[in-house]
Amino acid sequence: MTVVAGVDFGTLSVRVTLVDSEKGPIGTASAAYALHRRREDPNYATQAHADQMTALAAATREALTSTGVDGAQVAAIAVDTTGSSVIPVGEGLEPLDEYYLWCDHRAFAEADEITRKAHELGFEGIQWCGGVYSHEWGWAKLLHWLRRNPEKRARLVTALEHCDMAAATLCGTTSVEALKRSVCAMGHKWMWNPKWGGLPPEEFLAAVDPLLAGVRAKMGGEFLTSDRLAGHLTPQWAEALGLRAGIPVPVGAFDAHWDAIGAHIREGDAVNVVGTSTCIIAIARAAQLVLGVCGVVPGSVHPQYTGIEAGLSAVGDIFEAIARRAGTTVGALSEGLDAYKAGQTGLLRLSWDNGDRTVLVNPELGGVTLGWNLVHTAQDELFAAIEGTAFHTRIILERMAEHGVRIDRVINAGGIPQKNEVLNRVYANVLNKPVLVPAGIPTSLGSGIFALLAAGAYKTIEEAQAAVCLPFRTVEPDGPAAAVYERLYGHYRDVYFALGKGDAGAVALGAVLPELRKIAAEARKAG
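Values in this document were obtained by computation on a predicted structure and should not be read as measured data.

J.: Any chance you could explain the sheet that holds strand S22 (residues 435-438) here in plain terms?
T.: To summarise the sheet geometry, strands pair through backbone hydrogen bonds and adopt either a parallel or an antiparallel arrangement. Taken together, the seven strands give an open sheet; going across it, the order is S17-S18-S16-S15-S21-S22-S23, and neighbouring strands pair in mixed fashion. The open sheet has two free edges, formed respectively by strand S17 (295-298) and strand S23 (472-475), since each of these has just one partner strand. Averaged over all neighbouring strand pairs, the angle between strand axes comes to 25 degrees, with direction disregarded. Bridge count between strand S15 (residues 269-274) and strand S16 (residues 278-284): four bridges; the pairing is antiparallel. Within S16, the position partnered with Val273 by the bridge is Cys279. In the packing of helix H10 (residues 255-262) onto the sheet, contacts are made with S15, S16 and strand S18 (306-312), and the angle to S16 comes to roughly 60 degrees.

Put into C-alpha cells, the structure is as follows:
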C-alpha cells in the first residue's frame, strides 16, 4: 500500500486528495484564496502566489487530519493548476507580480498581433494551436505585462506557468537552469513543440514586438512530460505541508488534462471537464492539425500520446450569471428543470458570454439568446443555456472528428456534472451518445495518479487508473429528445458560424425564429 497526495489548484481554491494505491481516494480537503477582479476592467483576473501556497499548506494538513494519515507516510506529491496562468519572476524565481490567471483576458490585442504576425511570416506553430493565438495564453500575457510594467522589465528573469511555479517552489528551485517545465503547459499555451525545435524562433518573437527580443533565451530549463520529476520536496515545504522531506514531485500539468487522466481517459474518449468553463480533452496515438482547436501537443495529457485540448470559455459562469441577474442561485433556479423537454422554451442560447475559445477563438463575441417572448423566465434561459453549451460542445467534437480524432465515448467530468443531472441528460440527447459520469469528483485524482507513478507504486498510467479511478454510471440518450435536438442543432450551427464569423447573410437566419416557435409548440403539445 502506498499513499500519495494529489493537488489541484482551481480558480478559487486548491483541493488536496490523498490517494491509496489499493483503495483509491481516501480523503480530500480544500482551501480558498482570493481572485482579484476590477469592476472597471472585466478582463482583469489575478491571484497572488503566496495566497495559493498558504492555501495549499492548509488544505494538505486538513486532508491529513481528516483521514488520520501520518504525513510521514505520504510517498509523493503532484500538482496540477489552471492554465495559462502566467507569473513573471525575478532573481531566485521570486514573483515580480501576481499571476495573470487563465481567465484574465486583457491580452486580446497582443494575441491578435501574434496571430497576424505568425500568419504573415508563415510560422507553423500557429497552425498547431488552431490557427488563432488566444488572449488566454502565455506569450500574449507576457507581452501585455512587458508593455505595462517598464519599471520591472529589467528585473525579469523568466516567466512561469502556474504548474511549473508551484513545483519549483515545493522543490526549492531558484534558477532557470534548474527549472523543469511542463510540456503540457508550454505546448498548449506557448507554442512549444519539438517539431520546430521547441519554442517559437527568436526572429518571430522579435517581429511581433521588440520587447520580446531576448525573452526566448530566458525561457530556459528542461521541457518534460509528467512521468519525469521536477525535484523533491524541501524541508521548508515539508514542514509547512506536514509531509516528509525529500519525497518526489513530478513535473506538473494543467488541471483539465490531469482531470482527464483521473476520469480514466483512453484513446477514443472525449472528456468534458465541466466547471466555470469547459475543457474538452482527447488523446491519440497519431494526431493531425485541427483547425480552431486550442492545441495538439505530443505528451501533454498522457506521455505516450498526443493530447488534444479544446473548450468553452464559460459554462458554470454563465449559469451563475443568469441566476445572479434573477436575484437567486443556480440551485434554486434549477428546481423543476428536470421536467423541461427538449426545445420547449423556444430559446436558442449561444454560450459566448466570455468569448469563444473553440472553434472560432474570438474573445470579442458576446452571449446571444434568440426567441424571447414576454413570458419567458430566468429558468427558461438557464435550461436554454444548458442546451446551448451542449450544442457548442457538439460543434467542437464534430470539428475534432472531421480531423481524425476518434470520439467513441463522452465522459462528463468536473464538478458540475456531479450535481446537475439535467445537464448530463441534455448532453446525452444533444450529442446522441451515451454520457459517462464518474461516481464522484475526479478532480485531483489525476494528480494522485502521477504521484503514484513518481512513488513507484505503478509502472504505467493504465495500471494506476485501473486501480484507483472511480466507476462510471451511464446516461443514455432518449430517442425522441435526440430527434428534437437534431433539428435544433442545425439552426444552432447556422447561427454559430453566421454570427461568429460576421457573415450573417450566408444562411437564412430569418427561418430560425419561426422554427424555434414551431419546435416549442410541438414540445408543449407532446407534454
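After presenting the structure, the write-up continues.
J.: Help me understand the pairing of strand S3 (residues 24-32), please; the structure alone is not making it clear to me.
T.: For a regular strand, the rule is simple: side chains alternate between the two faces of the sheet. When strand S2 (residues 13-20) meets S3, the two strands line up antiparallel, connected through eight bridges. Looking at the pairing, Asp20 lines up with Gly24 of S3. Linking two consecutive strands that pair antiparallel, namely S2 and S3, is a turn of three residues.

J.: Would you take a moment to explain the pattern of salt bridges for this structure?
T.: When the charged atoms of two side chains lie near each other, side chains of opposite charge can form a pair. Within this structure, the stated rule accounts for 24 salt bridges. Residues Lys117 and Glu120 are paired through a salt bridge, measuring 3.3 Å at the closest nitrogen-oxygen approach. With a gap of three residues between them, Lys117 and Glu120 both fall in helix H2 (residues 108-121), about one helical turn apart. Residue Glu120 is classed as exposed on the basis of its relative accessible area of 56%. Ionic pairing is found between Glu136 and Arg357, a salt bridge with its closest N-O pair at 3.4 Å. Taken together, the residues span a long stretch of sequence, with Glu136 in the loop between helix H3 (125-128) and helix H4 (138-148) and Arg357 in the loop between strand S19 (348-350) and strand S20 (368-370) at a distance of 221 residues. Side by side, Glu136 and Arg357 carry an identical accessibility label, which is buried. Taken together, the shared-partner salt bridges in this structure form one network comprising Glu110, Glu113, Arg147, Arg148 and Asp209.

J.: I keep staring at the environment of Leu93 and nothing clicks. Help me out?
T.: Looking at the secondary structure, you find Leu93 in the loop between strand S7 (86-89) and strand S8 (99-100). The spacing of Leu93 and Val157 is 64 residues in sequence and 7.4 Å in space, taken between C-alpha atoms. Among residues more than four places away in sequence, those in contact with Leu93 are Thr158, Met165, Thr173, Thr174, Ser175, Val176 and Leu179.

J.: Even after reading the chapter, I still don't get the pairing of S15, so can you show me in this structure?
T.: Of all six residues in S15, six are buried; the element is thus mostly enclosed. Of the pairings in the sheet, the one linking S15 to strand S21 (residues 409-413) comprises five bridges and is parallel in character. Of the residues in S21, the one forming a bridge with Asp269 is Arg409. Linking two consecutive strands that pair antiparallel, namely S15 and S16, is a turn of three residues.

J.: Honestly, the layout of surface pockets in this entry has me stumped. Any pointers?
T.: Empty pockets left among the atoms are what a rolling probe the size of a water molecule brings to light. Of the pockets and cavities examined, the largest pocket occupies roughly 1000 Å³. Around the largest pocket, the lining is made up of 40 residues, and of these Thr11, Val274, Gly275, Thr276 and Gly415 lie nearest the centre. Within the residue set of the lining of the largest pocket, elements represented by two or more residues are S2, H10, S15, helix H11 (316-325), helix H12 (330-334) and helix H14 (416-419). Class assignment of the residues belonging to the lining of the largest pocket gives a composition of 12 nonpolar, 17 polar and 11 charged.

Basis of the calculations
Residues numbered from 1 in each chain as written. Predicted model: local features only at pLDDT ≥ 70, side-chain atom pairs only at ≥ 80, totals over all residues. Heavy atoms only, no water. Pairing = 2+ DSSP bridges. Helix = DSSP H or I, 4+ residues; strand = E, 2+ residues; numbered from the N terminus. Axes fitted to C-alpha atoms, helices over the stretch in contact; angles between N-to-C directions. Contact = heavy atoms within 4.5 Å. Salt bridge = Lys/Arg side-chain N within 4 Å of Asp/Glu carboxyl O. Buried < 20%, exposed > 50% of the residue type's maximum accessible area, 1.4 Å probe, protein only. 1 Å grid on protein atoms, 1.4 Å probe; cavity = no way out; pocket = protein on both sides within 12 Å on 5 of 7 lines; lining within 4 Å. Points joined across faces, edges and corners; volume = space filled by probe spheres on them. Nonpolar A, V, L, I, M, F, W, Y, C, P; charged D, E, K, R; others polar.

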